[in-house]
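# Structure at a glance
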Amino acid sequence: MLRYIAKRLLFAIPTIFGVFVVVFFVIRLIPGDPAVTMLGPKATDAQIAVYRAAHGLNDSLALQFSIALKSFIKGDLGSSLSLYRPVSQVILERFPRTAELAFFGIIIGFILAVFLGVIAAIFRGKWPDITLISFSTLGMSLPTFYVGLWVLYIFALKLKIIPVISSMDNNISYWKSLLGPLLTIAIGETALLLRITRSSMLEILNEDFIRTARAKGLREMVVLFKHALGNSLIPIVTVTGYSLATAFGGAIVLETVFARQGIGKLLIDAITVRDYPLVQGTTIVIAILMILVNIITDVIYGYVDPRIRIMNDE
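The present account deals with the structure reproduced in this document. These numbers were taken from a predicted model, which means no experiment stands behind them.

Rules used in this analysis
Throughout this document, residue positions are counted from 1 along each chain, in the order its sequence is written. The predicted origin of the model limits local features to residues at a pLDDT of at least 70 and limits the giving and counting of side-chain atom pairs to 80 or more, whereas totals for whole chains, interfaces and linings rest on all residues. As a rule here, side-chain values come from all non-hydrogen atoms in the structure, and water together with hydrogens is ignored. By definition, any uninterrupted DSSP run of H or I lasting at least four residues is a helix, any uninterrupted run of E lasting at least two residues is a strand, and each is numbered from the N terminus. Working definition: with a 1.4 Å probe on protein chains only, accessible area under 20% of the residue-type maximum means buried, over 50% means exposed, and in between means partly exposed. One fewer than the residue count of a helix, multiplied by 1.5 Å, yields its expected span. What the bend at a residue measures is the angle between two axes, fitted to the seven residues ending there and to the seven starting there. By definition here, a salt bridge exists when the distance from a side-chain nitrogen of Lys or Arg to a carboxyl oxygen of Asp or Glu is within 4 Å. Definition used in this section: a nonpolar core is a set of buried Ala, Val, Leu, Ile, Met, Phe, Trp, Tyr and Cys residues joined via side-chain atoms within 4.5 Å. In this analysis, two residues are considered to be in contact whenever any of their non-hydrogen atoms come within 4.5 Å of each other. In this analysis an axis means a line fitted to C-alpha atoms, helices contributing only their contacting stretch, and an angle means the value between N-to-C directions, from 0 to 180 degrees. If an angle is under 35 degrees, it is roughly parallel; if it is over 145, roughly antiparallel; if it lies from 65 to 115, roughly perpendicular; otherwise it is oblique. In this scheme the crossing of two helices becomes right-handed for a clockwise turn of the near helix relative to the far one and left-handed for an anticlockwise turn of less than a right angle. Residues are sorted three ways: Asp, Glu, Lys and Arg are charged, Ala, Val, Leu, Ile, Met, Phe, Trp, Tyr, Cys and Pro are nonpolar, and all the rest, Gly among them, are polar. Any pair of Phe, Tyr and Trp rings, taking the six-membered ring for Trp, is counted once the centres come within 6.5 Å. Such a pair is stacked with planes under 30 degrees apart, edge-to-face with planes over 60 apart, and tilted for the rest.

## Re the overall build of the protein chain
Across its full length, the protein chain holds 14 helices and zero strands. If you list the helices and strands of the protein chain from N to C, you get α-α-α-α-α-α-α-α-α-α-α-α-α-α. Counting only C-alpha atoms and orienting by the principal axes, one finds that the protein chain spans roughly 85 × 55 × 30 Å. Within the span of the protein chain, comprising 314 residues, buried residues form 41% of the whole.

As structure tokens, this is what we get:
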């Protein structure tokens, strides 16, 4: 397994390099001059020229790329043009807010989805199944920002349980500020994973070993949650890993809706002010997180199904 992990990490290097190259050139194709954006419309030509020279914006694109690449290889993501601080330091400050949102949201969604998916499979074709599938279809069809706006409308404006903009009120408790975006992620994750769990469970419940387990007199809860669910986990883990990986990228929308100061909101703000190093550094960090989550998901496969672990070790 260690050899497999090392191989995956080695293969991830070209992907990260590709992200670096693409982001470096694409961000510079966006119309607008960082110097004008940072200094404002009242800045003189002399001030703009000084700013561009100080930050190497007058250098050729090839020279800027070589300098950025050398710094990146050394582990230096550069300095933010708007915050005047090292990019890595800014990202480390914002990362915990995004990480807690992604992990807690996916965990809550996973627990709810597995429980409700098993119920839907048990009552196949009956009203609990129809109700849950309808919820799943609705939840999967609604965009994240739309669900987030409804969460704000119901829980912030109507019920006044959560703040509209938690970052502007220091008196708001930690969990209240986290409830809105967590609920939004959990709804989407539950809707998607519920359908996967139901389909996987229905397939396993028709297998011969399930009938054998029931014929031996095992309790129905043991049959459902140990034998059936245990053999249904591969697609469930796959979708959960994918959801966790995309949650870091999806935080861009969610953190904008809830004005949450995470790396998603940081990326949007950096693009707005044409902060090249900050956009590049944040995008690379998100890409690395997605790669690591995918590798961890593959490792979990080996513990869910020992046959996969044997294949990986070969």
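## Examining helix H1 (residues 2-27)
For H1, which comprises 26 residues, the first-to-last C-alpha distance of 37 Å matches the rise-based estimate of 38 Å (1.5 Å per residue) to within 8%. Taken as a whole, H1 carries its principal kink of about 25 degrees at Ile13; the proline Pro14 stands between one and four residues after it. All of the buried residues in H1 are Tyr4, Ala12, Ile16, Phe20, Val23, Phe24 and Ile27.

## Focus on the pattern of salt bridges
With the rule as written, the count across this model stands at six salt bridges. Close ionic contact of Arg260 with Glu100 constitutes a salt bridge, the shortest N to O distance being 2.4 Å. Taken as a pair, Arg260 in the loop between helix H11 (233-257) and helix H12 (263-272) and Glu100 in helix H5 (residues 87-122) lie far apart in primary sequence, 160 residues in all. Since its relative accessible area comes to 4%, Arg260 is described here as buried. Since its relative accessible area comes to 18%, Glu100 is described here as buried. Between Arg211 and Asp208 there is a salt bridge; the shortest N-O distance is 2.3 Å. Taken as a pair, Arg211 and Asp208 lie in helix H9 (residues 208-215) at a separation of three residues, close to a single helical turn. A residue is classified by how much of its surface remains accessible, and Arg211, at 44% relative accessible area, is partly exposed.

## Some details on the side chain of Asp129
Mapped onto the fold, Asp129 is located in helix H6 (residues 127-141). A relative accessible area of 3% places Asp129 in the buried class.

## Some details on the nonpolar core
In terms of nonpolar packing, the biggest core is built from 51 residues, with Phe20, Ile91 and Phe248 touching the most fellow members. Ranked by residue count, the leading element in this core is helix H13 (residues 276-304), at ten residues. When residues no more than four places from it in sequence are discounted, the contact partners of Phe20 are Phe65, Ala68, Leu69, Phe72, Gln280 and Ile284. The next biggest cluster of nonpolar side chains, apart from the first, holds 20 residues, and it includes Ala113, Val223, Leu224 and Val239.

## Quick notes on the packing of H9 against helix H10 (residues 220-228)
Relative to each other, H9 and H10 sit at 150 degrees, their axes nearing to 10 Å. Classed by the angle they form, the pair H9 and H10 counts as roughly antiparallel. The handedness of the crossing between H9 and H10 is right-handed. Listed contacts from H10 to Phe209, Ile210, Ala213 and Arg214 of H9 are Glu220, Val223, Leu224, His227 and Ala228. Residues belonging to the contact of H9 with H10 are distributed by class as follows: six nonpolar, one polar and two charged.

## Structural notes on the environment of Lys176
Looking at where Lys176 falls in the secondary structure, it is placed in helix H8 (residues 174-205). Sequence-wise, Lys176 and Pro163 are 13 residues apart; in three dimensions their C-alpha atoms are separated by 7.3 Å. Residues in contact with Lys176, not counting those within four places in the same chain, are Ile161, Ile162 and Pro163.

## Examining the side chain of Gln64
By the element assignment, Gln64 lies in helix H4 (residues 61-73). If we ignore the near neighbours within four places in the chain, the residues touching Gln64 are Phe24, Arg28, Gly56, Leu57 and Asp59.

## Overview of the packing of aromatic side chains
By the definition in use, this model includes eight aromatic pairs. With 5.8 Å between their ring centres and 45 degrees between their planes, Phe20 and Phe65 make a pair best called tilted. One end of the pair, Phe20, is in helix H1; the other, Phe65, is in helix H4, and 45 residues separate them in sequence. The pair Phe20 / Phe65 is uniform in exposure class, with both members buried.

## Details of unusual backbone geometry
Backbone geometry at Tyr84 places phi at a positive 55 degrees, although glycine is not the residue there. Tracing the chain through its elements places Tyr84 in the loop between H4 and H5. Despite not being glycine, Arg274 shows a phi value in the positive range, around 60 degrees. Along the polypeptide, Arg274 turns up in the loop between H12 and H13. Exposure remark for Arg274: the relative accessible area of 18% places this residue in the buried category.

## Overview of the packing of H5 against H8
At a minimum axis separation of 5 Å, H5 and H8 run at an interaxial angle of 35 degrees. The two elements H5 and H8 meet at a crossing, and its hand is right-handed. Among the residues forming the contact of H5 with H8, the class breakdown is 25 nonpolar, five polar and three charged.

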